[in-house]
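# Understanding the architecture of this molecule
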There are 2 protein chains.
Amino acid sequence: MAERNIKIVIEYRGTDYAGWQIQANQRTVQGELTKAILQTTGQKVNLIGAGRTDAGVHALGQTANFIIDHRLDPEKYKDALNYYLDDDIRVKESYEVSLEFHARKHALWKRYRYLIGAEKSALYRELRWENERSLDFDRLQKAARLIVGKHDFSSFCVAASRKEDNHCFIHKARWFRTGPLLVFEIRGNRFLHNMVRILVGAMVNLGTVDPDHHRENLTLDMFADILYAPTDRRVVFTAPPQGLYLVTVKY
Amino acid sequence: MAERNIKIVIEYRGTDYAGWQIQANQRTVQGELTKAILQTTGQKVNLIGAGRTDAGVHALGQTANFIIDHRLDPEKYKDALNYYLDDDIRVKESYEVSLEFHARKHALWKRYRYLIGAEKSALYRELRWENERSLDFDRLQKAARLIVGKHDFSSFCVAASRKEDNHCFIHKARWFRTGPLLVFEIRGNRFLHNMVRILVGAMVNLGTVDPDHHRENLTLDMFADILYAPTDRRVVFTAPPQGLYLVTVKY
C-alpha cells in the first residue's frame with residue numbers, strides 16, 4: 001500500500017455546527033468528517049478544507065483533502081463517510097488526486113451566495129436572512145458593480161483577521177431575484193474573514209429604503225470611498241450567517 | 001362589543017409538530033395557535049382548521065377561523081399571534097369574515113403539493129422525500145391523469161378513517177419537475193385521511209425503474225383497477241410526511 005491523497009466535496013447545513021474548524025467540545029464540520037474518516041479507516045487524518053465557514057453558514061460545495069494509506073477505493077469514501085455522518089452533512093464526491101493537491105492553497109476561486117427573504121418564513125428561517133425592510137434593487141446592484149476588481153478589503157473583514165496583504169481579486173459580484181428571494185453572488189480568488197457577510201451587510205444598509213429610518217445609512221459614495229481607500233475604519237454591518245452558502249471551489 | 005369571526009391563513013414547518021390537531025401533552029399547530037390566541041386576548045377559542053395535517057406535514061396556506069368577542073382589530077391578529085408563536089409557524093393573514101364562515105365546511109377545494117428529491121440533501125431533508133430510486137416520469141404522469149375525476153378513494157386512505165361515502169372529486173393532478181425536484185400537485189374538493197401520501201406512494205411504486213427490484217411493483221392497470229373498482233384491498237404504500245404541503249384552501 002502507499003499514501004493516497006483523497007479529495008472530497010461536501011454539502012452541509014451549518015445550523016447545528018460551530019462552523020468548519022475543529023474545536024474541543026464543539027460539533028464542527030471538520031470534526032465530524034475527521035471522526036467519520038477515523039470510523040471508516042481507523043486512522044486520524046489531517047483534513048484540509050478550502051475555506052473555514054462560520055457557525056450557521058452552509059455549504060453546497062465545500063472541498064477538502066486528506067492523505068491516507070488505506071486500501072479503500074477512493075470513490076468508496078463517499079458512501080462510507082455518509083454512513084457514519086449525520087444527515088446534515090453529505091459527502092457528494094470522493095476521488096483520488098495527486099499527492100501535491102492542497103484544498104486551500106490550490107483553490108483558483110470560490111463562489112459564495114447570500115440569500116435574503118423579504119418575508120419571514122416558517123419553513124426556511126435557518127436557510128436565509130429574513131429581512132423585511134424594503135430594498136432598492138438598483139442601488140444594491142450599483143454597489144455590487146463597485147466590488148468587482150482588485151481591492152484592498154481591510155475595511156470589510158474581522159479586524160483581528162487582517163493580514164499583511166488584504167487585496168482580493170473579485171471576478172464577479174451581482175444581485176438577482178429568484179422567486180421570493182434576493183440573491184447576492186460573488187466569485188473571487190480570496191476572501192477575508194467575514195468579508196461576504198460584511199459586504200452584504202453594507203450593501204443592505206445602503207440599499208434600505210425607509211423614510212423613518214433614524215440610524216445612519218451608508219451612501220454609494222461612502223461605500224466606494226471605503227472600498228477604494230481603506231482606512232482603519234471598518235464597516236460595522238455584518239449580515240447574519242444563515243443566509244450564506246459556500247457554493248463552489250474551483251481548482 | 002360583539003362576536004366576530006376571524007379567519008387566519010397559516011404557514012408552518014410540520015417537522016417539530018405532532019400534526020395539526022390539538023392533543024394533550026403534544027406540541028400541535030392547533031394547540032400552539034390556540035395558546036397564542038389565549039395569550040393575545042385572554043380567551044380560549046374553538047379554532048377550526050380547514051384540514052388536519054399529520055405530524056411532519058407542512059403548510060403554506062392552511063386556513064382556520066375562530067369566533068371571539070374582543071376589541072382587537074381583526075387585521076392585528078396577524079402580528080399579535082406571530083409575536084407569541086415560535087418561528088416555525090407564521091400567520092400570513094388575518095381578517096374578519098361573516099359569522100357563518102366555517103374553515104372546514106365551506107372549503108371549495110384544497111391544493112396539496114408533494115416534493116421528491118432524487119438525491120439526499122443536507123439542507124432540505126425535512127422538507128421533501130429523499131427517494132434515490134430512478135422514476136419513470138411518463139408512467140407517473142399517466143397514473144396522475146387516471147386520478148382526475150370523481151372516484152371512490154376508499155382504497156387510498158387509512159382504513160379506520162373510511163366514511164359512508166368516500167367519493168372525492170379531483171379537479172387536477174399532475175407531476176412536474178422544478179430544479180432537482182419532482183413535484184406532484186393535486187387539487188380536489190375533499191381528501192380522505194392520508195390520501196395524498198398513499199396516492200404518491202402508489203405512483204412512486206409503479207413508476208420505479210429498478211431491474212433488481214424484488215418487491216412487488218404495481219402496474220398502471222392495477223392502479224386503475226383499484227381506483228375504478230375499490231375493494232377491501234387497500235394500497236399499502238404510503239409516502240412519508242415530510243414531502244407533503246397543504247398549499248391553498250379556496251372558499
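Residues numbered from 1 in each chain as written. Chains lettered and ligands numbered in written order. Predicted model: local features only at pLDDT ≥ 70, side-chain atom pairs only at ≥ 80, totals over all residues.

### Side note on the overall build of chain A
Looking only at helices and strands, chain A has 5 helices and 12 strands in total. With the principal axes as the frame, chain A shows a C-alpha extent of 65 × 45 × 30 Å. At a minimum sequence separation of 6, the contacts of chain A that also span at least 24 residues come to 70%. (Helix = DSSP H or I, 4+ residues; strand = E, 2+ residues; numbered from the N terminus. Contact = placed C-beta atoms within 7 Å.)

### Some points on the relation of the copies chain B and chain A
After a rotation of 180 degrees and a shift along the axis of 0.0 Å, chain B superposes on chain A with an RMSD of 0.0 Å. When the rotation and shift are considered jointly, the pair of chain copies conforms to a two-fold rotation axis. Taking the C-alpha atom as reference, chain B places Tyr124(B) closest to the rotation axis, 4.6 Å from it. Mapped onto chain A, 100% of the interface residues of chain B are again interface residues, and the two copies thus contact each other with one and the same surface. (Least-squares fit on C-alpha atoms with pLDDT ≥ 70 in both.)

### Quick notes on the interface of chain B and chain A
It is common to give the size of an interface as the accessible area lost on bringing the parts into contact. Taken together, the contact between chain B and chain A spans 14 residues of the former and 14 residues of the latter. Residue assignment for the side of chain B that touches chain A shows that the elements contributing at least two residues are strand S1 (4-12) and strand S4 (89-97) of chain B. Classifying every residue of the side of chain B that touches chain A gives 5 nonpolar, 2 polar and 7 charged. (Nonpolar A, V, L, I, M, F, W, Y, C, P; charged D, E, K, R; others polar.)

### Some words on the pairing of strand S3 (residues 58-68) of chain A
Strand residues, when the strand is regular, have side chains that alternate between the two faces of the sheet. All names here are of chain A. Where strand S1 (residues 4-12) lies against S3, 8 bridges are found, and the strand directions are antiparallel. Across the sheet, Val9 pairs through a bridge with Thr63, a residue of S3. Relative to S3, strand S2 (residues 48-49) is paired through 2 bridges, and the arrangement is antiparallel. Across the sheet, the residue bridging to Ile48 is Asn65, located in S3. Pairing geometry for S3 and strand S12 (residues 244-250), over 2 bridges, is parallel. Bridge pairing in S12 links His58 to Tyr245. (Pairing = 2+ DSSP bridges.)

### Describing the packing of helix H3 (residues 137-147) of chain B against helix H5 (residues 220-228) of chain B
All names here are of chain B. Between H3 and H5, the least distance of the axes is 10 Å, while the angle of their chain directions is 15 degrees. With respect to H5, the axis of H3 lies roughly parallel. Judged by the twist between their axes, the crossing of H3 over H5 is right-handed. Touching Arg139, Lys142, Ala143, Leu146 and Ile147 of H3 are Leu220, Phe223, Ala224 and Leu227, all from H5. Per-class residue counts for the contact of H3 with H5 are 7 nonpolar, no polar and 2 charged. (Axes fitted to C-alpha atoms, helices over the stretch in contact; angles between N-to-C directions. Parallel < 35°, antiparallel > 145°, perpendicular 65-115°, else oblique. Left-handed = near helix turned anticlockwise from the far one by under 90°.)

### What about helix H4 (residues 195-207) of chain A?
Between its first and last C-alpha atoms H4(A) spans 18 Å; for 13 residues at 1.5 Å apiece the expected length is 18 Å, and the two agree. H4(A) sits mainly inside the fold: 13 of its 13 residues count as buried. (Expected span 1.5 Å × (residues − 1). Buried ≥ 20, exposed ≤ 12 C-beta atoms within 10 Å, placed from the backbone.)

### Considering the environment of Glu126(B)
All names here are of chain B. Structurally, Glu126 can be placed in the loop between strand S5 (109-117) and strand S6 (129-130). When the C-alpha atoms of Glu126 and Ala224 are compared, they prove to be 31 Å apart, with 98 residues separating the residues in sequence. Look past the residues within four positions of Glu126 in its chain and what remains in contact with it is Thr15 and Gln242.

### Remarks on the pairing of strand S12 (residues 244-250) of chain B
Sheet topology places S5(B) next to S12(B); 6 bridges connect them, and they run antiparallel. Bridging from a neighbouring strand, Trp109(B) pairs with Lys250(B) of S12(B).

### Quick word on the environment of Gly149(B)
All names here are of chain B. Within the element layout of this structure, Gly149 appears in strand S8 (residues 149-152). Look at Gly149 and you get partly exposed, because 14 C-beta atoms sit within 10 Å. For the pair Gly149 and Arg190, spaced 41 residues apart in sequence, the C-alpha separation works out to 12 Å.

### Examining helix H1 (residues 29-41) of chain A
Residue and element names in this part refer to chain A. Taking 1.5 Å as the rise per residue, H1 with 13 residues should run 18 Å; its terminal C-alpha atoms sit 18 Å apart, in good agreement. By the burial criterion, the buried members of H1 are Val29, Gln30, Gly31, Leu33, Ala36 and Ile37. Just beyond H1, the residue with positive phi is Gly42, at close to 80 degrees.

### Concerning the confidence of the model for chain A
In the predicted model, chain A carries a mean pLDDT of 93, and 96% of its residues have values of at least 70. Among the scores for the predicted complex, ipTM is 0.72 and pTM is 0.83. (pLDDT = per-residue confidence, 0-100.)

### With respect to the domain arrangement of chain A
Residue and element names in this part refer to chain A. When the domains of chain A are assigned, the result is domain 1 (4-97) and domain 2 (109-250). The gap between the C-alpha centroids of domain 1 and domain 2 is 28 Å. Contacts between the two partners involve 15 residues from domain 1 and, on the opposite side, 10 residues from domain 2. Among the residues making up the side of domain 1 that touches domain 2, the classes are represented as 5 nonpolar, 9 polar and 1 charged. (Domains from an automatic or database assignment.)

### Here we look at unusual backbone geometry
Despite not being glycine, Asn194(A) shows a phi value in the positive range, around 70 degrees. Looking at the element boundaries, Asn194(A) is found in the loop between strand S10 (181-188) and H4. Owing to 19 C-beta atoms within 10 Å, Asn194(A) belongs among the partly exposed residues under this scheme. A positive phi angle, close to 60 degrees, is found at Asn25(B), a residue other than glycine. Here Asn25(B) lies in the loop between S1 and helix H1 (29-41). Judged by the 6 C-beta atoms lying within 10 Å of it, Asn25(B) falls in the exposed class.

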